[in-house]
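Coordinate analysis (summary)
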Amino acid sequence: LIFKSKESQRQVHELNERTIGEWQLRLMPCSTWALDDVLTSADYHHLEVPAKIAPKAQENVADQVRNGYRSATTVAEVKELIELATTHDLKYEEQLGLKRLKQLEAQAPAAPP
């Protein structure tokens, strides 16, 4: 991973070795020559990932999820927030998300036959 700032690097390293769903995140530092070696290999794929700032405490996650539901306008946004709630074992927020998801799906125009 190449970080745009020391702050974003610090935030990601706070998550190091935590579980995300069934996966465990492990970040291992490497030297620039090792990075250059990987970049020249045929198996390397560059993937741009939009930055998301992870909350520091469980209550912050719950607040982030609830606020996200209020501003979410697409099914994809709500599904992402439900996944975040599930990952942090926030049962109430997960139920709120499922309710919001049903609302959005009901508002969606019916597909033509």
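On a predicted model such as this, the values are computed, not experimentally measured, just so you know. (Residues numbered from 1 in each chain as written. Predicted model: local features only at pLDDT ≥ 70, side-chain atom pairs only at ≥ 80, totals over all residues. Heavy atoms only, no water.)

Per the secondary structure count, the chain includes five helices and two strands. Counting from the amino terminus, helix and strand elements in the chain follow one another as α-β-β-α-α-α-α. Per-residue burial over the chain gives 17% buried out of 113 residues. Expressed as a percentage of contacts within the chain between residues at least 6 apart in sequence, the contacts between residues at least 24 apart total 42%. (Helix = DSSP H or I, 4+ residues; strand = E, 2+ residues; numbered from the N terminus. Buried < 20%, exposed > 50% of the residue type's maximum accessible area, 1.4 Å probe, protein only. Contact = heavy atoms within 4.5 Å.)

What follows covers the side chain of Glu-93. Here Glu-93 lies in helix α5 (residues 91-107). Aside from chain neighbours lying at most four places away, what touches Glu-93 is Ala-62, Val-65, Arg-66, Tyr-69 and Ala-85.

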